[in-house]
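# Secondary and tertiary structure notes
In case you want the letters, here they are:
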Amino acid sequence: MRNILLVAKREFKTRIFSKSFIFSTIVFAILIVAIGGINVIISNGGGFDNSIPNLMMDTNTKAIADANNQAEDEVLQQHGLTKEQFNTEISSKSEEIIAGLNLKENNPGNITFSFMILILMFMSIVLSGNQMSSGVVEEKSNSIVEILLSAMSSFQLLSGKIIGLACAGLIQIIVILIALVSSIEISGGESIFNGIPIDTFGFVLIMFAIVGYISFSSLYAAFASTANSPTEAQTAVTPVAILMLIPFYATLFLQGASNNPIIGGILHYCPFFSIFSIPLDYAKGVVTLNQSLISLAISIIAIPIIFWFASKLYKRSVLS
Amino acid sequence: MDFSFGYDIMEIELKNISKQFKTSSKDSEKIVQALDDVSFKIKEGEVFGFVGANGAGKSTTMRIIMGVLNPDSGSILVNGEKINRNDRQKMGYMPSERGLYPKMKVYEQIKFLTEIHGLSSKDAKKQTNFWLKKLDITQHKDKLLQTLSTGNQQKAQLVATLAPKPEVLILDEPFRGLDPIAVKVMVNTIKDFANENKPVLFSSHQLELIDKLADKVSIIKDGKIIINGTPKQLREKANVSQTKTIPTPLSDIFGDLINFN
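Residues numbered from 1 in each chain as written. Chains lettered and ligands numbered in written order. Predicted model: local features only at pLDDT ≥ 70, side-chain atom pairs only at ≥ 80, totals over all residues.

## Thoughts on the overall build of chain B
Within chain B, the secondary structure is distributed over nine helices and 10 strands. Residues counted as buried form 45% of the 261 residues belonging to chain B. Long-range pairs, those at least 24 residues apart, make up 70% of the contacts in chain B between residues at least 6 apart in sequence. (Helix = DSSP H or I, 4+ residues; strand = E, 2+ residues; numbered from the N terminus. Buried ≥ 20, exposed ≤ 12 C-beta atoms within 10 Å, placed from the backbone. Contact = placed C-beta atoms within 7 Å.)

Dropping the structure here:
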């Protein structure tokens, strides 16, 4: 365990002090603050209308009715509840009701943010994966892996590397969340991100980011270990890049069809796919917290299987 | 400075070690017998020289001792018992490549490598600083390894090998690329280590250094040990006259020894 932590600490320090990490983290943060503040800048010219409340949190029947151009009575009739029942019971059902009302299209802030998060998370995982890949090849070509493996097992070495890089990736995700909060605060509540439920969304994003880093970093390390040079490594990790691109593009282009049970099932519950689709759809209010937790549990169960495969390939290839 | 740490490794024995590699080309798959029934013993305080042409099996043997590769058959014994991870943690290994991170600071990585061999953070700092000073590269401790000269990189590698307080040294071509001053430092370090009654195994193409340092020599060819013995015994086998006051250099008789049957 000590050796795993020593390797993790080395990987973490190497990653967070690298120029690519510092640069990408600053760029991510600036993007979020800038885009969040666009509404403040252009509001005099008729920017986004963010008077529509974020209905993931708003449980007021009047607000729902206004947003949907309905009368309050119609909203109540739709759900078969009196006003009192609606307001007392809504907190446990609001997300399903709101998702069912398909009101996400009316909140451009949620949509903008969710796509930004999708792209930023994809880029962060790719950067981590590339860092893992180049680190494995460097250790192999310099023979330092021989010294490391004379002192610890390949399982310990790979685990330490993954933990270190995952922790570094998490720093980026936390910076993104801080930027989001800052965007809201700086804009005095006028940001287009205003109303995004930071606490639960932050939890969903962090958990799926961890799953993403662990799953993809393991595979990057395993496939990179089959290469003997950085050039060979770029080709060697192509299967992992494809494995990442398929769910990313599926989430991007099929998210409108996620109401289809088959497409929705794959996007929301299939490991690798859910890493990208759940944070996006949660931000948009398409999936509930419970659905997200079920999806997370499935992805966590898949991790030992992914790691088992990756560690076998790494052990076989890293010294060849 | 005391080299010892924990229990002593007094003897390492390789018994009937064999190893094959599969190499595949466009048309066929070939099996290469990298090691064939290799056996030898290194005792405490002994400097064991390992000589052979490129590709003869020296590095493969050392990798098997260090657990980097597994043998297909045979065994490695330490003090008569089968070797385990604890034994290997007490061995200082220097591979033929540099074996360090080029873009990491010298001090940081040596401390890291020392800690993974079981030393506490405090001991690792102390050992790292001691050996950096002893090999006269303290002034480079905060530099990236790749910015150092070849000789200083090799010294840094030697520091990384010695800082974890090993009980045994396994050095694969430790003199490669060194200037004469650095060679002298390396030679003295190996002698001091052996004088502490610790075994040393090293390989080199520089036969004058093998001659100078080694108490025993094994010559390996195509994966097989063809001769074992002291430098004096090797000269006898090569039928070199023993009346000469200056012994015939090993380099002069190597050609005969490598074809010895």
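## Remarks on the overall build of chain A
In terms of helices and strands, chain A carries 14 helices and zero strands. Listing the helices and strands of chain A from first to last along the sequence gives α-α-α-α-α-α-α-α-α-α-α-α-α-α. Counting all 320 residues of chain A, 47% fall into the buried class. Taking all contacts inside chain A whose residues are at least 6 apart in sequence as the whole, residues at least 24 apart take part in 78%.

## A look at the pairing of strand 9 (residues 216–221) of chain B
All names here are of chain B. The buried count for strand 9 comes to five of six residues, which makes it a mostly enclosed element. Sheet analysis places strand 3 (residues 47–52) next to strand 9, joined by five bridges and oriented parallel. Bridging across to strand 9, Phe 48 finds its partner in Lys 216. Sheet topology places strand 9 next to strand 10 (residues 224–229); five bridges connect them, and they run antiparallel. Within the sheet, the bridge partner assigned to Ile 220 lies in strand 10 and is Ile 225. Taking the residues between adjacent antiparallel strands as the criterion, strand 9 and strand 10 are bridged by two residues, where Asp 222 takes a positive phi near 50 degrees. (Pairing = 2+ DSSP bridges.)

## Re the sheet that holds strand 10 of chain B
Backbone hydrogen bonds are what pair the strands of a sheet, in a parallel or an antiparallel way. Residue and element names in this part refer to chain B. Spatially, the six strands line up as an open sheet ordered 6-7-8-3-9-10, and their pairing is mixed. With one partner strand each, in any of the chains shown, strand 6 (91–94) and strand 10 form the two edges of the open sheet. Here the average twist between neighbouring strands, direction ignored, is 15 degrees. Sheet strands in contact with helix 5 (residues 150–162) are strand 6 and strand 7 (168–172), and its direction is about 160 degrees off that of strand 6. (Axes fitted to C-alpha atoms, helices over the stretch in contact; angles between N-to-C directions.)

## As for the nonpolar core
Residues Ile 117, Tyr 220, Ala 221 and Ala 224 of chain A together with Val 159, Ile 170 and Val 200 of chain B are the most contacted members of the largest nonpolar core, which totals 143 residues. At 16 residues, helix 9 (residues 198–224) of chain A tops the list of elements feeding residues into this core. When residues no more than four places from it in sequence are discounted, the contact partners of Val 200 of chain B are Val 47, Phe 48, Leu 169, Ile 190, Phe 193 and Ala 194 of chain B. (Core = buried A, V, L, I, M, F, W, Y, C linked by C-beta atoms within 7 Å.)

## Some details on the interface of chain A and chain B
On the side of chain B, 20 residues touch chain A, which itself brings 13 residues to the contact. Elements that contribute at least two residues to the side of chain A that touches chain B include exactly helix 1 (2–16) and helix 7 (144–151) of chain A. Broken down by element, the residue count for the side of chain A that touches chain B peaks at six residues, all from helix 7 of chain A.

## What about helix 1 (residues 58–65) of chain B?
Burial within helix 1 of chain B is extensive, with eight of its eight residues counted as buried. Phi turns positive, to about 80 degrees, at Gly 67 of chain B, one or two residues after helix 1 of chain B.

## Overview of the environment of Asn 228 of chain B
Residues and elements named next belong to chain B. Turning to its location among the elements, Asn 228 is positioned in strand 10. Distance in space between the C-alpha atoms of Asn 228 and Ile 253 is 15 Å, their sequence separation being 25 residues. Setting aside chain neighbours within four positions, we find Asn 228 in contact with Phe 40 and Ser 218.

## Observations concerning unusual backbone geometry
Residue and element names in this part refer to chain B. Although it is not a glycine, Asn 79 sits at a positive phi angle of roughly 55 degrees. As for its position among the elements, Asn 79 is in the loop between strand 4 (73–78) and strand 5 (81–82). Given 14 C-beta atoms within a 10 Å radius, Asn 79 is considered partly exposed. A positive phi angle is found at Glu 173, which is not glycine, with a value near 50 degrees. Relative to the helices and strands, Glu 173 is located in the loop between strand 7 and helix 6 (180–195). Overall, the presence of 19 C-beta atoms within 10 Å leaves Glu 173 in the partly exposed class.

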